[in-house]
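# Overview (structure and organization)
Residue-level listing of the chains:
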Amino acid sequence: MHIVVHKAKCQGHARCWAQAPDIFKLDDEGYILPGDIQVEEGEQLPASQGARSCPERALEVDSTSAARFEPADTQPRAGEA
Amino acid sequence: MTLNQVPDHVPPEMVGDFSLFTSPGMLPTPDGDPQAATACVHAGPPIFYSPFNTRDGRGTWVITRATDQRRVLQDADTFSSHRSIFASALGENWPMIPLELDPPAHGVFRSLLNPLLSPKRVMALEPAVRERAIALIDSIAASGTSCDVMKDFAFPFAVSIFLRLLGLPDHRLHTFVGWAKDLLHGDDVKRPAAARTILAFIDELAAMRREEPVDDFMTFIVQAQVEGRRLTDEEVRGIGVLVFVAGLDTVAAAIGFDLAFLARHPEEQELLRSEPNRIVLAAEELLRAYPTVQIIRVARKDIDFEGAPIRKGDYVSCATMIANRDPTEFECPDTIDLMREDNRHAAFGYGPHRCLGSHLARRDIVIGLEEWLARLPAFRIKEGTAPITCGGHVFGIENLIVDWS
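Residues numbered from 1 in each chain as written. Chains lettered and ligands numbered in written order. Predicted model: local features only at pLDDT ≥ 70, side-chain atom pairs only at ≥ 80, totals over all residues. Heavy atoms only, no water.

Another aspect to go through is the overall build of chain B. Scanning chain B from terminus to terminus reveals 15 helices and 15 strands. Taking 405 residues into account, the globule formula puts the C-alpha radius of gyration at 22 Å, and chain B, at 21 Å, falls close to it. Counting only C-alpha atoms, chain B reaches 60 × 55 × 40 Å along its principal axes. Expressed as a percentage of the 405 residues in chain B, the buried residues total 58%. When the accessible surface of chain B is split by element, carbon and sulfur atoms take 54% of a total near 16500 Å². The positive charge centre, built from 41 side chains, and the negative charge centre, built from 56, are 3 Å apart in chain B. (Helix = DSSP H or I, 4+ residues; strand = E, 2+ residues; numbered from the N terminus. Rg over C-alpha atoms; globule rule 2.2 N^0.38 Å. Buried < 20%, exposed > 50% of the residue type's maximum accessible area, 1.4 Å probe, protein only. Areas by Shrake-Rupley, 256 points an atom, 1.4 Å probe, with all protein chains shown as cover. Lys, Arg positive; Asp, Glu negative; His and termini not counted. Charge placed at Lys NZ, Arg CZ, Asp CG, Glu CD.)

Here you go:
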């Protein structure tokens, strides 16, 4: 599973960080760092809780890769900004 | 009312009779619940026109669904926040910064100020906030078995955190509380007078810090650079006024509404007292249930929005308390469930103007509740008294007499 980060939509609510500070890292202004987040096995619950907590809908859970054993994800993704 | 004629472009069938200023429960009401009183709009359409929905009696479009409020507030290119709310009380026209700036100027100032109130910076402020809460509550506990939460705790607490942020001593606390009350809830004489007093104070403080820098907020502002230059006097003033206006009343009101809820719900109160680790989550639900701000934007161009012909210059209201009771966004929105998960409430707004002080406000509320519950026994509304609540631009609670005898 990974989290698609729509950086332009982040407004610094930091709710994801409050749920899982090790998964959702913030810059000095308190906004999420750019780049999608690959979620480690065993961190999927806090990661999806964090993604769901975003008031701006800036985080999108992409679980299409969860069923695969290959970590590389070559599938095109919808909704990339 | 002839004063509030509906503009010609608003179809008569889109005019609604709900107003955050005049509807039932919005005027000062003993034992009122103004946030709950707004929920009735969800029986109606997603957008309607309210002919009297600002303090000065202007009409606004009202956006009821959370998802539509998100769309409006995320789109600052179409919906501007430059209304000169503070300056217009003085017959002037300058923006509170960054709130009343639109992109791209907004981003420049926002980036300057964000680090001062970031989640990490707030963590560093916490010990001082907690110390202040403890001092106030211990003094309340020592002086009897009853108090007025607003006068004895919520306002002094919020104001003292603000003073600390500005690097000012606490002895001016009562003066500040008076200014804030007059500014936000005073009549047409008191409001401009308070506005002038606050401006003079901010100008004076800025001048002092320019002359003799210390390690505080105002020193940072007067020394800061944007786009390779120092800030102008008007910009310094715009920032100072916003911090003053935004930080005082809102936090105090939130704490008041929250403690009023707990005073009336002894089981929930006891749950949080015996399991204080639940307070962080509960505070989010209380923010959902009792937000205080009506956000207003001005259309910068004509746009048809969910069938409504919004025209350039129209006011568009995104009331946080309305979004927070949206049944398409929250399951059982009228039930206050302190264990609610996935609570993406709108208390701090959406979009680029998301409340700059939200991280501090959250911690103020949580710390206030933690220390209150830890230091005082079961409390209730004092018999024979009734908290007076009101709606408006910023929802408020005037008094909250509680008793633990």
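So, about empty space enclosed by the protein. Across all of its chains, the model carries three cavities of 30 Å³ or more by this definition. By volume, the largest cavity amounts to about 120 Å³. Taken together, 19 residues line the largest cavity, and the ones lying closest to its centre are C10, A14, C16, C54 and A58 of chain A. When its residues are assigned to classes, the lining of the largest cavity shows 11 nonpolar, five polar and three charged. The volume enclosed by the second largest cavity comes to roughly 90 Å³. For the second largest cavity, the full set of lining residues is L125, A128, V129, R132, S160, I161, R164, L165 and L360 of chain B. At the level of elements, α5 (119–142) and α6 (149–166) of chain B are the ones that each hand at least two residues to the lining of the second largest cavity. Here the lining of the second largest cavity is composed, by residue class, of six nonpolar, one polar and two charged. (1 Å grid on protein atoms, 1.4 Å probe; cavity = no way out; pocket = protein on both sides within 12 Å on 5 of 7 lines; lining within 4 Å. Points joined across faces, edges and corners; volume = space filled by probe spheres on them. Nonpolar A, V, L, I, M, F, W, Y, C, P; charged D, E, K, R; others polar.)

With that settled, consider the pattern of salt bridges. All chains considered together, the criterion is met by 27 salt bridges over all chains. In this structure, R57 of chain A and E329 of chain B form a salt bridge, with 2.8 Å as the shortest nitrogen-oxygen distance. Residue R57 of chain A is located in the loop between α2 (44–52) and β3 (59–62), and its partner E329 of chain B is located in the loop between α14 (320–323) and α15 (358–375); the two belong to separate chains. Take R57 of chain A: its relative accessible area is 25%, and that puts it in the partly exposed class. What makes E329 of chain B partly exposed here is its relative accessible area of 22%. (Salt bridge = Lys/Arg side-chain N within 4 Å of Asp/Glu carboxyl O.)

Taken together, D22, E40, E41 and E43 of chain A make up a surface patch of like negative charges. With respect to the helices, strands and loops of the structure, E43 of chain A is situated in the loop between β2 (37–38) and α2. (Patch = residues over 30% accessible without salt bridge, like charges linked within 9 Å, V, L, I, M, F, W, Y side chains within 5 Å.)

The next thing to look at is the side chain of T219 of chain B. Residues and elements named next belong to chain B. Mapping T219 onto the fold places it in helix α9 (residues 217–223). T219 sits in the buried class, given a relative accessible area of 2%. Once residues lying within four places of it in the same chain are set aside, the contact partners of T219 are R209, P213 and V214. (Contact = heavy atoms within 4.5 Å.)

Turning to α2 of chain A, a few remarks are in order. All names here are of chain A. Among all positions in α2, only A47, S48, G50 and A51 are buried. In a view along the axis of α2, the buried residues occupy a sector of 155 degrees, so they form one face of it. Close packing links the buried residues of α2 with β1 (2–5), α1 (15–19) and β3. (Arc of directions from axis to C-beta.)

Residue and element names in this part refer to chain B. Each neighbour pair has its own omega, and for I97 with P98 the value is 5 degrees, a cis peptide bond. Secondary-structure assignment places P98 in the loop between α3 (85–88) and α4 (105–113). Cis geometry marks the peptide bond from P103 to P104; its omega dihedral reads 5 degrees. Among the structural elements, P104 can be located in the loop between α3 and α4. Look at E227: it is not a glycine, yet its phi comes out positive at around 50 degrees. Checked against the element boundaries, E227 lands in the loop between β6 (225–226) and β7 (229–230). For E306, which is not a glycine, the phi torsion comes out positive at approximately 50 degrees.

Contact residues are listed per partner, giving 18 residues for chain A and 22 residues for chain B. Counting each side, the surface lost to burial between chain A and chain B is near 1800 Å², with a carbon and sulfur contribution of 44%. There are three salt bridges connecting chain A and chain B. Its salt-bridge partner being D342 of chain B, residue R52 of chain A comes within 3.2 Å of it at the nearest N-O pair. Joining chain A to chain B, the criterion identifies 13 residue pairs in polar contact (both at pLDDT 80 or more). Along the lines of polarity and charge, the residues of the side of chain A that touches chain B split into six nonpolar, five polar and seven charged. (Buried area = accessible area lost by both parts, 1.4 Å probe. Polar contact = N/O pair within 3.5 Å; in protein donor to acceptor, adjacent residues only side chain to side chain.)

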